[in-house]
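Given next are the chains, with one letter for each unit.
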Amino acid sequence: MQLEIRPDPAEVGRARRWARSRLAGLGIAADESLAETLVLLVSELVTNAVVHTGCPAVLRLFLSAGPAGAATVRLEVADASIRAPVPRCPGDESTGGRGLALIDGLADRWGWCPEGVGKRIWCELDRCATTVDAAETAAASNCGRAAPVYEGVAYGVYGVYGGLAYGAV
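The notes below deal with the structure included here. What you see is a predicted model, and the numbers here were worked out from it, not measured in a lab.

### Looking at the side chain of Glu 44
Piece 1. Locating Glu 44 in the fold gives a position in helix α2 (residues 33–53).
Piece 2. Within the buried core, Glu 44 has no salt-bridge partner, and the shortest N-O distance to an opposite charge, that of Arg 16, equals 7.7 Å.
Piece 3. Contact partners of Glu 44, with chain neighbours within four places excluded, come to Gly 99, Leu 102 and Ile 103.

### Remarks on the sheet that holds strand β1 (residues 2–5)
Piece 1. With antiparallel pairing, the 5 strands of this open sheet are ordered in space as β1-β2-β3-β5-β4. Edge positions in the open sheet fall to β1 and β4 (109–115), since each of these has one partner strand only. Shown here is a sheet whose adjacent strand axes are inclined to one another by a mean of 20 degrees, direction ignored.
Piece 2. By the bridge criterion, 7 bridges tie β4 to strand β5 (residues 118–127) in an arrangement that is antiparallel.

### Some points on the packing of α2 against helix α3 (residues 99–106)
Piece 1. In the contact formed by α2 and α3, the axes pass within 10 Å of each other and the chain directions differ by 145 degrees. As for how α2 packs across α3, the hand of that crossing is left-handed. Along the contact surface, α2 presents Thr 37, Leu 40, Leu 41, Glu 44, Leu 45 and Asn 48, while α3 presents Gly 99, Leu 100, Leu 102, Ile 103 and Leu 106.
Piece 2. Across the contact of α2 with α3, the residue classes break down as 7 nonpolar, 3 polar and 1 charged.

Reading the values: rules and limits
Residues numbered from 1 in each chain as written. Predicted model: local features only at pLDDT ≥ 70, side-chain atom pairs only at ≥ 80, totals over all residues. Heavy atoms only, no water. Helix = DSSP H or I, 4+ residues; strand = E, 2+ residues; numbered from the N terminus. Buried < 20%, exposed > 50% of the residue type's maximum accessible area, 1.4 Å probe, protein only. Lys, Arg positive; Asp, Glu negative; His and termini not counted. Salt bridge = Lys/Arg side-chain N within 4 Å of Asp/Glu carboxyl O. Contact = heavy atoms within 4.5 Å. Pairing = 2+ DSSP bridges. Axes fitted to C-alpha atoms, helices over the stretch in contact; angles between N-to-C directions. Left-handed = near helix turned anticlockwise from the far one by under 90°. Nonpolar A, V, L, I, M, F, W, Y, C, P; charged D, E, K, R; others polar.

Take a look at the structure:
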């Protein structure tokens, strides 16, 4: 599945809506923490493509099934810019520059590679097997791993704002 993205900030909202509808079609419920995290990552990847490249891009979404309900969801954004993504260390008062830190903190894996005349940035999230009860949901949302650390700050989902998961722990 893929969506063509124009170099326009309004495309970020369209990409989130597209991702929500595709995730639902893949059996990932909108209220599932995985869906909220994926939509946040879509927002960050598409924003980076739109803001930093000024080029059209393509958003791709893949799901690979695993044993006992486990699966991996892969997001990719391909654009025509050859510039590598560069993590920044914004100051406390900066309003931007945290996108790659969020991707690094929330995704199980991420990276980038040259593609044709541009590049492809990707991230993956693992969907754990079905949990037993709600008390285990928070631990299961990260498949039992400790919160990831980026630039000395551990990231994890601790809140929801407007349907998007966010946070640093």
